[in-house]
Structure formats: C-alpha cells, structure tokens
Amino acid sequence: MDLLRKLHKVSRRERSSTAGAVLILAVIAFLVLILVVSLVIDGGLIYGKRAEVAKAVDAAAIAGINNLSQGEGVAEQLARDLFAANYKMTSRDDRPPDVDVQFSIDGNGNQRVDIAGTVHLRPIFLQVIPEFSVFDVHANAQAQRARLVMSIVLDRSGSMRANGGCIGLPPAVDTFISFFDDNLDRAALVTFASNARLDVPMTRPFRTAIQNAVPRHCNPDYNGFTFFDGGLQIAGQQNAGVVVAPGEQVVKVVVFFTDGLANTFQGT
C-alpha cells in the first residue's frame, strides 16, 4: 500500500509538471500570435502609407519642375501644395510630414528638382514598445526638364472670324507661352491662311516677340483659306535648324492651333 501511495504521488507530480509546461507553451504561443498579428496590421499600415508618400513626392516633383519658369519660390510652394494634396494626415500621424525641395542644374544643363518626403507614423500595436513608438516612412522623387525647341503654328484663315477663334486665340497663345522658360527654351511662330509665313524665327528669349507677332485683329488679320501644310513645313524647318550640343537634352515639338481641315494648296 505504501508503495502504491508513493507511485500515485509521483504520477500526480508528473501530471502537474506537464500541465504547467503546457500552460507556459500556450502563453508563449499566444504572445507570438499577438506579435505576428501586430506586425501584419502595422506592417500593412506602413506599407500603405509608403505608397501614399511615394505618390505625393511624385506629384510634388512634377509640379515643381513644371512651374520652375515662374521662379524657384513659386515652384517650391506649388510642389509642397501638391504633396499636401496627395498625402492626407490621419490620427496615425505623429506630426506633420517633412518635405525637402531642392532645385539644381545637371551636368547637361537641364533643370532638376529633387523631393524628399518623410512621414512619422504611430503604429497601432507596436507603439507599446518604446523603440517602435514612431516609424519614419521615406520616399524620394526626381524630375528633370529638358530644354524645349518649339514651333507654334497658328491658323489665321477667314473661318476664325466666323467662330470667334480670332478673339480666343491671342490670349490663349499669351497664356500658353508663359508656361515656358524664356531664357532656356527656344520658340518660333508660324501663321497660315491661304499662304504660310514665318513670323518669328526660332529665338531665345521669345515671349515678347511672339506676343507682338500674334494676329490680334479679326479684320483684316484673319482671312483666306486653310493651307496648314505650309505652316507645318516651315515649323519643321525651324525645329530641324536647331543644332543640339553634345550631351544637351532637348525636346523638339510643334504646337498647332487650328479650327478645321486643310482646304487649299499654296496660294500666290
């Protein structure tokens, strides 16, 4: 009987030890599960915010480089405005984002803007750990602007009087050329009706010369037929005549303003 009692006591001690070990393993497994779930949720938050910051710096870079002709101050403010428009702060943001805007000229003389954006996020679960109370999420973007060689081709045919084009075209051209850099870009002006002509040869600066040459009076500036083939030929010649220096990045374009289809060949 004594032996049986001793054996039962040993068995109870073993069961108690096993139950204790299982409890410890269960607690550890539960903690690991919580950690994994926390990492998944907070990781998803950080990944989503990383994509949002990347979109915001891309938009800021495009806005900055597109408006650099208005001055670095204006371009920087517009870049920051576009970042703010594309990144919406939430309760998870510890403080406002940091946005750094830098303008420069690359080795080929092209304008460049570099945007660095950093947001400061408070995770949902991991913030209970002091070292992970705030995550800094970064994104960078760069945009370059090549120099522009542009021939503007304007329709001055008689139909522009009938549809109001002669009234709307001049201010549209004034606004359009203001988007470009008068000191870096080059532009020419070609107009056409029954005949095509070169009004402003390819030049830099160009704004004042083109504004002065744009036909502004419906009568008699706008008359005749639509010989736009001649306008395009002259524009192509102006663009082709620009020699690009080694390493210089240049975009050559023709911008064409018209109200209809061609209806004549070269007049006399």
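Residues numbered from 1 in each chain as written. Predicted model: local features only at pLDDT ≥ 70, side-chain atom pairs only at ≥ 80, totals over all residues. Heavy atoms only, no water.

**Some thoughts on the overall build of the chain**
Item 1. Each helix and strand counted, the chain has seven helices and seven strands in total.
Item 2. In the chain, the succession of α and β elements from N to C terminus is α-α-β-β-β-β-α-α-β-β-α-α-α-β.
Item 3. Considering the chain as a whole, with its 268 residues, one finds that 35% of them fall into the buried category.
Item 4. By sequence separation, contacts in the chain at least 24 residues apart represent 71% of the contacts at least 6 residues apart.
Item 5. Summing over all exposed atoms, the chain offers an accessible surface of approximately 15000 Å²; the carbon and sulfur share of this is 60%. (Helix = DSSP H or I, 4+ residues; strand = E, 2+ residues; numbered from the N terminus. Buried < 20%, exposed > 50% of the residue type's maximum accessible area, 1.4 Å probe, protein only. Contact = heavy atoms within 4.5 Å. Areas by Shrake-Rupley, 256 points an atom, 1.4 Å probe, with all protein chains shown as cover.)

**Here we look at the pairing of strand 1 (residues 93-105)**
Item 1. Across ten bridges, strand 1 lies against strand 2 (residues 111-121) in antiparallel orientation. Counted as the bridge partner of D98 is T118 from strand 2.
Item 2. In textbook terms, the turn of a hairpin is the stretch between consecutive antiparallel strands, and for strand 1 and strand 2 this stretch comprises five residues, one of which, G109, has a positive phi near 80 degrees. (Pairing = 2+ DSSP bridges.)

**As for the sheet that holds strand 3 (residues 135-145)**
Strand pairing in a sheet takes place through backbone hydrogen bonds and is either antiparallel or parallel in direction.
Item 1. With antiparallel pairing, the three strands of this open sheet are ordered in space as 1-2-3. The open sheet has two edge strands, strand 1 and strand 3, and neither has a second partner. The sheet shows a mean angle of 10 degrees between the axes of neighbouring strands, taken without regard to direction.
Item 2. Against the sheet, helix 2 (residues 72-86) touches strand 1 and strand 2, its axis set at about 145 degrees to strand 1. (Axes fitted to C-alpha atoms, helices over the stretch in contact; angles between N-to-C directions.)

**Digging into the nonpolar core**
Item 1. Residues V53, V57, F83, Y87, V113 and I115 are the most contacted members of the largest nonpolar core, which totals 22 residues.
Item 2. For this core, the elements supplying multiple residues, two or more each, are helix 1 (2-66), helix 2, strand 1, strand 2 and strand 3.
Item 3. Excluding residues that lie within four positions of it along the chain, F83 makes contacts with V53, A56, V57, A60, P97, V99 and G117. (Core = buried A, V, L, I, M, F, W, Y, C linked by side-chain atoms within 4.5 Å.)

**Some details on the packing of aromatic side chains**
Item 1. Counted according to the given criterion, the structure contains six aromatic pairs.
Item 2. Between the aromatic rings of F176 and F180, the centroid separation amounts to 5.1 Å while the plane-to-plane angle is 70 degrees, which identifies the pairing as edge-to-face.
Item 3. Residue class for F180 comes out buried when judged on its relative accessible area of 15%.
Item 4. One aromatic cluster in this structure is built from F176, F180 and F257. (Phe/Tyr/Trp six-rings, centres within 6.5 Å; stacked < 30°, edge-to-face > 60°.)

**Remarks on helix 4 (residues 165-177)**
Item 1. Helix length check: helix 4 (13 residues) gives 18 Å between terminal C-alpha atoms against 18 Å at 1.5 Å per residue, within 8%.
Item 2. Residues of helix 4 that are buried: G165, C166, L169, P170, V173 and I177. Within helix 4, the buried residues cover an arc of 125 degrees as seen down the axis, which keeps them to one side.
Item 3. Where helix 4 is buried, its residues touch strand 4 (147-155), helix 3 (159-162), helix 5 (207-213), helix 6 (218-221) and strand 7 (250-257). (Expected span 1.5 Å × (residues − 1). Arc of directions from axis to C-beta.)

**Here's the deal with the side chain of D106**
Item 1. For D106, the location among the structural elements is in the loop between strand 1 and strand 2.
Item 2. Buried within the structure, D106 lacks any salt-bridge partner; its nearest side chain of opposite charge belongs to R112, at an N-O separation of 5.8 Å.
Item 3. Looking at D106, its side chain comes within polar contact range of the side chain of Q144, at 3.2 Å.
Item 4. The residues contacting D106, other than those within four sequence positions of it, are R112 and Q144. (Lys, Arg positive; Asp, Glu negative; His and termini not counted. Salt bridge = Lys/Arg side-chain N within 4 Å of Asp/Glu carboxyl O. Polar contact = N/O pair within 3.5 Å; in protein donor to acceptor, adjacent residues only side chain to side chain.)

**Describing the environment of F83**
Item 1. Position of F83 relative to the elements: it lies in helix 2.
Item 2. Separated by 14 residues in the primary sequence, F83 and P97 have C-alpha atoms spaced 9.6 Å apart.

**Overview of the pattern of salt bridges**
Item 1. A complete count under the given rule lists eight salt bridges for this structure.
Item 2. Note that R122 and D94 form a salt bridge whose closest N and O atoms lie 3.9 Å from each other. Taken as a pair, R122 in the loop between strand 2 and strand 3 and D94 in strand 1 lie far apart in primary sequence, 28 residues in all.
Item 3. Overall, the relative accessible area of 34% leaves D94 in the partly exposed class.
Item 4. Of the charged contacts, one joins R112 and D114 as a salt bridge, the two residues approaching to 3.3 Å between their closest N and O atoms.
Item 5. R112 gets classed as partly exposed once you look at its relative accessible area, which sits at 25%.

**So, the state of the cysteines**
Item 1. Tallied over the full model, the rule gives one disulfide.
Item 2. The disulfide bridge from C166 ends at C218, spanning 2.0 Å between sulfur atoms. Disulfide C166 to C218: torsion about the S-S bond roughly 90 degrees, handedness right-handed. Separated by 52 residues along the polypeptide, C166 in helix 4 and C218 in helix 6 bring together distant segments of the chain. (Disulfide = S-S within 2.5 Å.)

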